[in-house]
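Survey of secondary and tertiary structure
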Amino acid sequence: ILTVKPQHGHMPAVRVWDVAERTQVAELHNHKYGVACVAFSPNSKYIVSVGYQHDMIVNVWAWKKNVVVAANKVSSKVTAVSFSDDSSYFVTAGNRHVKFWYLDHTKSSKVNATVPLLGRSGLLGELRNNFFSDVACGKGPKANSTFCITSSGLLCEFNDKRMLDKWVELRTSMATSLSVSEDLIFCGCADGTVRAFSPTDLHFICTLPHPHSLGTDIATVIEASHLFAYKENVRCPDTVAVSYDPTNRWLSCVYSDHSLYVWDVRDLRKVGKVYSALYHSSCVWSMEVYPETRDREPHLSPGSFLSCSSDNTIRLWNTDAQNTTLSRNVISNDLQKVIYMDSNTSSLLDTECTISSNSEKVDPQTSDNRTGIRTICVSPDGLHLASGDRNGTLRIHDLESMEEILDVQAHDSEILCLEYSKPETGLKLLATASRDRLIHVLDADQEYSLLQTLDEHSSSITAVRFAVRMISCGADKSIYFRTAQKQTEEGTAFTRTHHVVRKTTLYDMDVDPTRKYAVIGCQDRSIRIFNICNGKQKKVYKGSQGEDGTLIKVQMDPSGLYVATSCSDKNISIFDFYTGECVATMFGHSEIVTGLKFTNDCKNLISVSGDSCIFVWRLCPELTIKMRQRLSELKQNSRPVQKTPPNKQHTLRYKANHSFVAFAIT
């Protein structure tokens, strides 16, 4: 079984994967800006790919040889392509565009050079000004017909002479997708509607059940009757893609809030749900793994993690299928809870999914849309969840009740980083850092009252961390090290002890488990390691395998042996903290990776991205064993001697029996 994945952005490719083996078997490059749509020929010899509107190229690939056998250009925006049942031609559809392309098999197989594709426009008649959002060639007795739908809501049939033969109204405000078999046509429409028709005469058969409504509290949907119960004045996500499996008689539907449903349509009078899942609908900015709590009963199940997104939600996940303590809902196996920041459901929809003649791709990182949660942080005791949005609002949620207990306008611009102080400091503080160049220090024990505002940075603050000291770095290329001083009346205050400036922008920072070293990811793709006590740089090494881009995120594993990085080239790397050796690389996200976290059991690395996806990577068992051994050593010795990353000989000191003992470590 093979699947094709189109891409956009830098060096877009058509990637062909073997699903059974889970390996990539081909990578096809020839489009400049992006790939709008792809299709396999039924005989599996060819792949046709159509580029974005600025590219305007239609390529036919002999994909096993990585060769373009035929090509041509289109003058309109194309959004869909479908091969005929006998693989002799394919049809493209788009803005005022339905075109039939014919393959000369004998010519293309004998000539090594790319030959021009022969194309003939469909005769659209009075529908010539429509936007054709999807196309599907007929099957079986209707193999000579071609079916299209228009975004305005018409299902059309073209005959074997490319003429528009007949059409019917779908009775919807918008139609997006189409799937055709020998005996059924399924049309995806607005508001979660899917209608079934007969391909013989376009006779209407039935309307399938709707998915969940927008803003549903999925934690309460624990029975199928809750999902299918009729509700007034609710909005469902639009259906954006449908695909019918005639063997199992299952229909897979993707909706505009990035939910997926698989419907059992063997009996159209009694349609059942086989599977469903719900995901973020736009850029995921940050994620946090729920901490292991020793002193109290955890409020969330082990293995849980949380994510936040531009869709203005925070979501609680748990991917442990063996965990019997989880309260399951009928919508998703992994998603446990959705926290909605407000009642506006428009942010839950992916506008790119709504195809129109003048729609353009919107970059989630540069969009002017100021909604969405930018960063989150869980308190070390697992009681509270802090979140900061793109407007500077700080919210605190109680993780036992999932209720909001604080909502305050903390900054004038988006909050870029949140950090709770560590339990061993004896303090319960929350630091908030923003694009407005300010850091606020709040007392979590005193209802998050303001203790201090720090204004040393002259540009956006990209990271703030608590260790022995408070460390912050930012776009002004500065690193500030601050020491906490106890003041009797005003509480704890931080004073600057070191200020370090580098020649490159500092994008992210993490602290090793012994709180002695700060690891910083830089614009020049380097990882810089600083001694927190004296503020001196101890080591620098390359943090990306590529030669382009900048480091976006850095994250240390719980044991402090490895550091994971994400680069703007969309790749993820794992390095040995001490040697700088790259031990693993990963790729798969189609946008930049905006967050990384190792799981507490050291088995997985979780990444989140601007592509709205969350990836859970299984780490090599060798890495897991080493991390667990190191964690065991750290627990046995509450004050371990930390090895310095090898660069030159350094002297580290620790206090023992009230006298200083020096160790030379190389």
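Residues numbered from 1 in each chain as written. Predicted model: local features only at pLDDT ≥ 70, side-chain atom pairs only at ≥ 80, totals over all residues. Heavy atoms only, no water.

Scanning the chain from N- to C-terminus turns up 3 helices and 53 strands. Contacts spanning at least 24 positions in sequence make up 45% of the contacts within the chain whose residues lie at least 6 apart. Split by element, the accessible area of the chain, about 30400 Å² in all, is 47% carbon and sulfur. (Helix = DSSP H or I, 4+ residues; strand = E, 2+ residues; numbered from the N terminus. Contact = heavy atoms within 4.5 Å. Areas by Shrake-Rupley, 256 points an atom, 1.4 Å probe, with all protein chains shown as cover.)

Moving on: the pattern of salt bridges. For the structure shown, the criterion picks out 25 salt bridges. Of the charged contacts, one joins Arg395 and Asp407 as a salt bridge, the two residues approaching to 3.6 Å between their closest N and O atoms. Linking Arg395 in strand β31 (residues 393-398) with Asp407 in strand β32 (residues 403-409), this pair joins segments that are 12 residues apart in sequence. With a relative accessible area of 10%, Arg395 lands in the buried category. For Asp407, a relative accessible area of 45% translates into the label partly exposed. The salt bridge partner of Arg515 is Glu424, with a shortest N-O separation of 3.1 Å. Placement of Arg515 in the loop between β41 (506-511) and β42 (517-522) and of Glu424 in the loop between β33 (415-420) and β34 (429-434) is noted, with a sequence separation of 91 residues between them. A relative accessible area of 54% places Glu424 in the exposed class. Salt bridges sharing partners connect three or more residues here, namely Lys142, Glu157, Asp165 and Lys166. (Salt bridge = Lys/Arg side-chain N within 4 Å of Asp/Glu carboxyl O. Buried < 20%, exposed > 50% of the residue type's maximum accessible area, 1.4 Å probe, protein only.)

Moving on: the UniProt feature "repeat: WD" (unreviewed entry) in the chain. Residues given the UniProt feature "repeat: WD" (unreviewed entry) here are residues 305-327 and 586-619. Strand forms 53% of residues 586-619 and helix 0%; the C-alpha atoms that close the span are 11 Å apart. (UniProt positions renumbered as here; feature names shortened; annotations may be inferred.)

The next thing to look at is the sheet that holds strand β9 (residues 89-94). Taken in spatial order, the 4 strands make up an open sheet running β8-β9-β10-β12, and their pairing is antiparallel. Pairing within the sheet leaves two strands with one partner each, and these edge strands are β8 (78-83) and β12 (118-121). Direction aside, neighbouring strands of the sheet carry axes that sit 25 degrees apart on average. (Pairing = 2+ DSSP bridges. Axes fitted to C-alpha atoms, helices over the stretch in contact; angles between N-to-C directions.)

Even without being a glycine, Arg22 presents a positive backbone phi close to 60 degrees. With respect to the helices, strands and loops of the structure, Arg22 is situated in the loop between β2 (14-18) and β3 (23-28). Even without being a glycine, Asn66 presents a positive backbone phi close to 60 degrees. Position of Asn66 among the secondary structure elements: in the loop between β6 (57-62) and β7 (67-73).

Scanning the model with the defined rule gives 1 cavity of 30 Å³ or more in all. One number sums up the size of the largest cavity: a volume of about 60 Å³. (1 Å grid on protein atoms, 1.4 Å probe; cavity = no way out; pocket = protein on both sides within 12 Å on 5 of 7 lines; lining within 4 Å. Points joined across faces, edges and corners; volume = space filled by probe spheres on them.)

Bringing the side chain of Thr565 into the picture now. Within the secondary structure, Thr565 is located in strand β46 (residues 562-567). For Thr565, a relative accessible area of 1% gives the class buried. Among the polar contacts listed, one links the side chain of Thr565 to the backbone oxygen of Gly543, at a separation of 2.7 Å. Those residues in contact with Thr565 that sit more than four places away from it in its chain are Ile527, Gly543, Leu551, Lys553, Val554, Asn571, Ile572, Ser573, Phe575 and Leu596. (Polar contact = N/O pair within 3.5 Å; in protein donor to acceptor, adjacent residues only side chain to side chain.)

Of the residues in the chain, 89% reach a pLDDT of 70 or more, and the chain-wide mean stands at 87. Segment residues 357-368: pLDDT under 50, and 25 contacts once partners within four positions in sequence are set aside and those in other chains are kept. Counted against residues more than four places away or in other chains, residues 646-666, with its pLDDT under 50, gives 37 contacts. (pLDDT = per-residue confidence, 0-100.)

Scanning the model with the defined rule gives 16 aromatic pairs in all. Relative to Phe100, the ring of Tyr89 has its centre 6.2 Å away and its plane inclined at 40 degrees; by these criteria the two rings are tilted. Here Phe100 lies in strand β10 (residues 97-102) and Tyr89 lies in strand β9, a separation of 11 residues in the sequence. You can call Tyr89 buried: its relative accessible area is 12%. Geometrically, the ring pair formed by Tyr261 and Trp263 is stacked, given 5.3 Å between the ring centres and 15 degrees between the ring planes. A connected cluster of aromatic rings, assembled from ring pairs, spans Tyr89, Phe100, Tyr102 and Phe158. (Phe/Tyr/Trp six-rings, centres within 6.5 Å; stacked < 30°, edge-to-face > 60°.)

The next point concerns the pairing of strand β48 (residues 582-586). Inspection of the sheet shows strand β47 (residues 572-576) paired to β48 by 4 bridges, in the antiparallel sense. Along β48, the bridge assignment pairs Phe575 with Cys582. Between β47 and β48, which pair antiparallel and follow one another directly, the connecting turn spans 5 residues, one of which, Gly580, has a positive phi of 80 degrees.

A few words on helix α3 (residues 621-636). Compared with the 22 Å implied by 1.5 Å per residue over 16 residues, the 23 Å span of α3 between its first and last C-alpha is a close match. Taken together, the buried positions of α3 are occupied by Leu623, Thr624, Met627, Arg630, Leu631 and Leu634. What you see down the axis of α3 is that its buried residues fit within an arc of 130 degrees, all on one side. Facing away from the buried side of α3, by more than 90 degrees, are the exposed residues Pro621 and Gln636. Summarising the contacts, the buried residues of α3 are in contact with β46 and β48. (Expected span 1.5 Å × (residues − 1). Arc of directions from axis to C-beta.)

Further remarks concern the sheet that holds strand β29 (residues 373-378). The strand order β29-β30-β31-β32 describes an open sheet built from 4 strands, whose pairing is antiparallel. Whereas interior strands pair on both sides, the edge strands pair on one side only; in this sheet they are β29 and β32. The mean angle between the axes of side-by-side strands here comes to 20 degrees, regardless of whether they run parallel or antiparallel. Judged from the 5 bridges that link them, strand β30 (residues 384-389) and β31 form a sheet pairing that is antiparallel. By the bridge assignment for β31, Gly388 is matched with Leu394.

Right, let's talk about the state of the cysteines for a bit. Within the structure shown, the criterion is met by 0 disulfides. Distance from the sulfur of Cys417, which forms no disulfide, to the nearest cysteine sulfur (Cys377) is 7.7 Å. When its relative accessible area of 5% is taken as the criterion, Cys417 is described as buried. (Disulfide = S-S within 2.5 Å.)

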